[in-house]
Amino acid sequence: MAVDANHEEKIIRSICSSHCGGTCEMKVHVRGNRIVRIESDDGEYKPRLCARGHAYRQRVYAPDRLLYPLKRTGVRGAGEFTRISWDEALETVAGEMNRIKARYGNAAMLHFCSMCDPHTLHHVGAFHRLLCQFGGYTAPWGFISHEGATFSAGVTYGTRRKFLSQSEHRLEEYLSSRLIIMWGWNPVTTEQGTLTPLFLAQSKEKGARFIFVDPRYTDSAAVFADQWIPIRPGTDGAVLIAMAYVIIQENLQDRDFIEANTIGFDQFKAYVLGLEDGAAKTPQWAEAISSVPAATIENLARAYACNKPATLATSISPGRTAYGEQYHRAAAALEAITGNLQFQNWLSAPKKKAVKFNPQLESPPNPVEAGAPPRKNALPFRGVSVNSSARVNVSLFADAILKGKAGGYPHDYKMIWLSNTNYLNQLGEVNKTVKAFQQLEFILVTEQFMTATAKMADIVLPVCTFLEREDILAPRGGGIYALLNKVIEPLGESKSQRQICQALALKLGLTDYGDKTDGEMVEHIVTRLSEEVDLPDLDSLRKQGFVFGRPKKTEGGGQPEDKKIPPTAFPTPSGKIEIRSEIAARINDPLIPAIPTYMETWESLNDPLAVKYPLQLITPHLKRRAHSQFDNLPWLRELQTQAISVNTVDADSRGIRSGDLVRVFNDRGAVRIPAKVTERIMPGVVALPQGAWYSPDENGIDYGGCANVLTKNQISPGGAFTPHTALVQIEKVGQ
Ligand code: SF4
């Protein structure tokens, strides 16, 4: 890599802004307009960069970076494009938007911007403002990563705060825990809450016992586990409910905590003991469902109830299954009835004062949502807009495009704009999404690389990386504030997301979108934030990059010293933790029951389909990617090969050895990929890491290893994405 020897090396600070959702500090070494090195900040308790962050320089200078606007010349998906000017690209986009608006109405336009990148100016607000000023569009609802957890928190606590507590408070809770149950969580790889492995290590040194419940013996289990409990995908709720059975039968529940802080324990107890349906949820009942031995469930229940403080670290991953919200609700019930919930810091920490100045880009209401009633499964803590029935669940765009109004969706969809997301690759049932996208009249993608999604576009607009533009991380609830300094000028003709929206706004004749530069916006935000938050001045912030900003005045809302929870602490109908949820009851849907309930998933091993496809597929994260980001980087590809993990028993019965090429298939598609034969996954389950780029041959067989070729385009009743509920078969096709 050529380096400008005439320029002195400077260090510029930023935070990594990738799809993992982390905020690790970066020290970027620059000579002239060239990044020469990226390193972690070395401060104590500061999130260290993972391999992806260290490799970001290769992403910036990747030879396949998109640096100019492109227009499709071949068939959709072929990846044949020609370079065009920004003017032609924006004219085309504006013309198509005006045409579709005039012919079909604004609701015919779908837009989705990934929620992963932790930035302000270039996030969903930039697009939302533009599209609402244009007369509206169909927006998505639901979080791809954690809708199951969000739904559970909404019906149990009336707030999303408990879910957020996983990243905000749990780290210190680990240090005071005697027992830590890591349920479906592999933080050594996923880095969710980047300091988690450090705190786990310190907890281990202090003597905490670790139990991992997971179909895989993960890297985190290899480092920390005293015990590994393999469990069948989609059966977590059954085991948690059977643990409640043991606790109730042995009278291990915390009666005082239940009495003071919860409602609905008696109804839950009646369900657990089988008083209404005649089926006691015993450990033997759960063993038949989950393959976890009854004795193991009994011991786990006793350990959790009797070793306080104990942490039940429930990952959002098992919630990405059919009825995954029931897993989260069952875990919440268990935390409450054992009283372990009282040791969680989020209960006793003062509420963070919301910053009155909204640092996000302000937007008019979306006209498409005006007058639309709320969805049936709306959660009260969400605003009217997010709850609107005019929206489409983020996982169901393909279904909505294919079925439209005739299939019960609010509109017929003719155009999609996808920003910051490899949507086609990352949502369920890729071949269905391909079919849906083929039907659209216009597709706009704003991207950095020619992903599977970009290949479907009519126009691709090149976006610069976060190191080539200004931004600020400014949470409304306080916490970490960070300046994302512009480290180098944008490569080629790439622009920031907000600059693209500004330019398109002018083409659309929207003169009030805003003409401030990104730098001026950052300055404006810092000035306004400083009225409410203790922040250094802009120059100091630029040098420091990353600060803990405290609201100038703290607001009440914390717990008294004795840690008693006030009787109306929760924004639920009762003001208490609702084991029996009134919000869920009002939804009046048997698939969203009022109490946490185990429901067998579709495509379980009892499904007749299991005769043809006897293996359960899970699609975990890989440490060399953040979702589909970074899959193309050679430095990171050296770290790990994309392969499907198969247990020795399943491999032997099919004559498969490690390294063999196998075909993984079901009715939705087929993937050819090397096999990794291992004891680190339970028999009957196979793991294909998500995020590999879809690369089909002329017969539609994917050679990239894209897991979502095999997953199903169906959401859980609460709205969760369900990629860990899929049956497949594998066969050896070569060596
Ligand atoms: S990709 Fe790695 S370095 Fe970047 S934020 Fe995530 S964990 Fe941190």
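Fair warning: this is a prediction, and the values are worked out from it, not measured in the lab.

A. Region of interest: the overall build of the protein chain. On a plain count of helices and strands, the protein chain comes out with 26 helices and 27 strands. Radius of gyration (C-alpha) of the protein chain: 25 Å, near the 27 Å computed for a compact globule of 735 residues. Excluding contacts between residues fewer than 6 apart, the proportion of contacts in the protein chain whose partners are at least 24 apart in sequence is 72%. Split by element, the accessible area of the protein chain, about 27,400 Å² in all, is 50% carbon and sulfur. Considering the protein chain, the positive charge centre built from 83 side chains and the negative charge centre built from 79 side chains are found 1 Å apart.

B. Spotlight on the environment of Lys432. Looking at the element boundaries, Lys432 is found in helix α20 (residues 430-439). Accessibility expressed as a relative area gives 18% for Lys432, which makes it buried. Between the C-alpha atom of Lys432 and that of Leu300, which follows or precedes it by 132 residues, the distance is 41 Å. Residues in contact with Lys432, not counting those within four places in the same chain, are Ala398, Asp399, Leu402 and Asn713. A polar atom in the side chain of Lys432 sits 2.8 Å from the side chain of Asp399.

C. Highlighting the pairing of strand β27 (residues 727-734). As judged from the two bridges shared by strand β22 (residues 615-618) and β27, these two strands associate in the antiparallel manner. Across the sheet, Gln616 pairs through a bridge with Leu727, a residue of β27. Pairing of strand β24 (residues 661-666) with β27 involves five bridges; the strand directions are antiparallel. Bridge pairing in β27 links Val664 to Ile730.

D. Summary view of the nonpolar core. Core analysis: the biggest nonpolar cluster contains 55 residues, and Phe437 and Ile644 have the highest contact counts within it. Ignoring sequence-local partners within four residues, the contact set of Ile644 consists of Leu617, Val662, Val664, Ile673, Pro674, Ala675, Lys676, Val686, Ala687, Leu688 and Ile730. Of all hydrophobic cores here, the second largest spans 51 residues; its members include Trp86, Ile100, Leu504 and Met521.

E. Quick look at the pairing of strand β14 (residues 415-419). Most of β14 is tucked away, with five of its five residues classed as buried. Side-chain alternation along β14 places Met415, Trp417 and Ser419 on one buried face and Ile416 and Leu418 on a second face that is also buried. By the bridge criterion, five bridges tie strand β6 (residues 109-113) to β14 in an arrangement that is parallel. Across the sheet, the residue bridging to Cys113 is Ser419, located in β14. As paired elements, β14 and strand β15 (residues 442-447) share five bridges and run parallel to each other. The residue of β15 that forms the bridge with Leu418 is Val445.

Rules used in this analysis
- Residues numbered from 1 in each chain as written.
- Predicted model: local features only at pLDDT ≥ 70, side-chain atom pairs only at ≥ 80, totals over all residues.
- Heavy atoms only, no water.
- Helix = DSSP H or I, 4+ residues; strand = E, 2+ residues; numbered from the N terminus.
- Rg over C-alpha atoms; globule rule 2.2 N^0.38 Å.
- Contact = heavy atoms within 4.5 Å.
- Areas by Shrake-Rupley, 256 points an atom, 1.4 Å probe, with all protein chains shown as cover.
- Lys, Arg positive; Asp, Glu negative; His and termini not counted.
- Charge placed at Lys NZ, Arg CZ, Asp CG, Glu CD.
- Buried < 20%, exposed > 50% of the residue type's maximum accessible area, 1.4 Å probe, protein only.
- Polar contact = N/O pair within 3.5 Å; in protein donor to acceptor, adjacent residues only side chain to side chain.
- Pairing = 2+ DSSP bridges.
- Core = buried A, V, L, I, M, F, W, Y, C linked by side-chain atoms within 4.5 Å.

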